[in-house]
Amino acid sequence: EAGVAQSPRYKIIEKRQSVAFWCNPISGHATLYWYQQILGQGPKLLIQFQNNGVVDDSQLPKDRFSAERLKGVDSTLKIQPAKLEDSAVYLCASSKGGGTQNTGELFFGEGSRLTVL
Amino acid sequence: AQSVAQPEDQVNVAEGNPLTVKCTYSVSGNPYLFWYVQYPNRGLQFLLKYITGDNLVKGSYGFEAEFNKSQTSFHLKKPSALVSDSALYFCAKTGANNLFFGTGTRLTVIP
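What you see is a predicted model; the values in this text were computed from it and never measured.

1. Let's talk about the pattern of salt bridges
Then, in step 1: Applying the stated rule across the entire model yields seven salt bridges over all chains.
Then, in step 2: Between Lys62 of chain A and Asp57 of chain A there is a salt bridge, and its shortest N-O distance comes to 3.7 Å.
Then, in step 3: Overall, Asp57 of chain A belongs to the partly exposed group, its relative accessible area being 26%.
Then, in step 4: A salt bridge links Arg64 of chain A to Asp86 of chain A, with the shortest nitrogen-to-oxygen separation between them at 2.4 Å. One end of the pair, Arg64 of chain A, is in the loop between strand E6 (53–56) and strand E7 (65–68); the other, Asp86 of chain A, is in the loop between strand E8 (75–79) and strand E9 (88–95), with 22 residues separating them in the sequence. Summarising the burial analysis for this pair, Arg64 of chain A and Asp86 of chain A share the class buried.
Then, in step 5: Through salt bridges with shared partners, a single ionic network connects Arg9 and Glu110 of chain A together with Arg42 of chain B.

Put into C-alpha cells, the structure is as follows:
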C-alpha cells in the first residue's frame, strides 16, 4: 500500500514570496490533515478535510495560508506571502475516518521543509 | 484546554537498559492517547494507542505504554533499548476532530 506522498521535500524562498505544497493521501482515506511543525515544537494542525469539505481550519492563518482539496483526494497548501516565521516542516496526514470515528491512527507523509529567508 | 505535556526534551539511555519517555495529559472525558515516533527526515509513525480497556498497551517495535488515570499519565516504555530506537517521540491526545501533540522528547540510546 502506497503511503502519503508529499512534494516538494525541500523549498527555500525569500520572505513575501509564495509557495505551494502538494499532498496525495493513502487511497481510500477520507480525512486529510495539514500540520505545521516548527523546529523544537510538536505538530500543530492547520486544516482538516473530510472528503472535500473543511472540518477544522481554526488555526490556519487565513490572511496568508490557503488550502484546497477539490476532488476529495489530493490537496494543496499555499502560503502567500511567506514570512520568516513560516519556516517549518509541513506535514500532510490522512486517516480512514474523521471526527468521532477517528481513533487517532494518522498516516503521515515525510513532510515538506520550508525555509524562508 | 486540550493539552499534552512531555516534561523532558531529551532522554539518554544506555543500550540494553529500560527506557521511559514521560507524558501527561489534561483531563477531558475519556481521552484517547497515542504515541508517535519520528526518525530523522521522516514523517511521524504510529506506535500505539490507548482507547479503553487494559491500562497497559503494547505497540510496535517492542514499545508499550501505561495509562494511569489517577496520575493522568501515559508513559512510553521499553524493557531493553536499542540504538535504533534513537528518535523523536511525540505523545498525542484526540480533541474533537484531530490530534493534539506534545512538544516531543528526543531519545538517544547510547551504545
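2. What about the state of the cysteines?
Then, in step 1: Using the criterion set out here, one finds two disulfides over all chains in the structure.
Then, in step 2: Covalently, Cys23 of chain A is tied to Cys92 of chain A through a disulfide, its sulfur atoms 1.9 Å apart. Of note, the bridge from Cys23 of chain A to Cys92 of chain A carries an S-S torsion of about -70 degrees and is left-handed in sense. Here Cys92 of chain A lies in strand E9 and Cys23 of chain A lies in strand E3 (residues 19–24), a separation of 69 residues in the sequence.
Then, in step 3: Classification of Cys23 of chain A as buried rests on a relative accessible area of 0%.
Then, in step 4: A disulfide bridge connects Cys23 of chain B with Cys91 of chain B, and the sulfur atoms are separated by 2.0 Å.

3. Some points on the interface of chain A and chain B
Then, in step 1: With 24 residues of chain A in contact, the opposing surface of chain B contributes 21 residues.
Then, in step 2: Both sides of the chain A and chain B interface together cover about 1,700 Å² of buried area, and 50% of this is carbon and sulfur.
Then, in step 3: At the boundary of chain A and chain B, one finds one salt bridge.
Then, in step 4: Linking Glu110 of chain A and Arg42 of chain B is a salt bridge whose minimum nitrogen-to-oxygen distance equals 3.0 Å.
Then, in step 5: Here chain A is connected to chain B by four residue pairs in polar contact (both at pLDDT 80 or more).

About the criteria used
- Residues numbered from 1 in each chain as written.
- Chains lettered and ligands numbered in written order.
- Predicted model: local features only at pLDDT ≥ 70, side-chain atom pairs only at ≥ 80, totals over all residues.
- Heavy atoms only, no water.
- Salt bridge = Lys/Arg side-chain N within 4 Å of Asp/Glu carboxyl O.
- Buried < 20%, exposed > 50% of the residue type's maximum accessible area, 1.4 Å probe, protein only.
- Helix = DSSP H or I, 4+ residues; strand = E, 2+ residues; numbered from the N terminus.
- Disulfide = S-S within 2.5 Å.
- Contact = heavy atoms within 4.5 Å.
- Buried area = accessible area lost by both parts, 1.4 Å probe.
- Polar contact = N/O pair within 3.5 Å; in protein donor to acceptor, adjacent residues only side chain to side chain.

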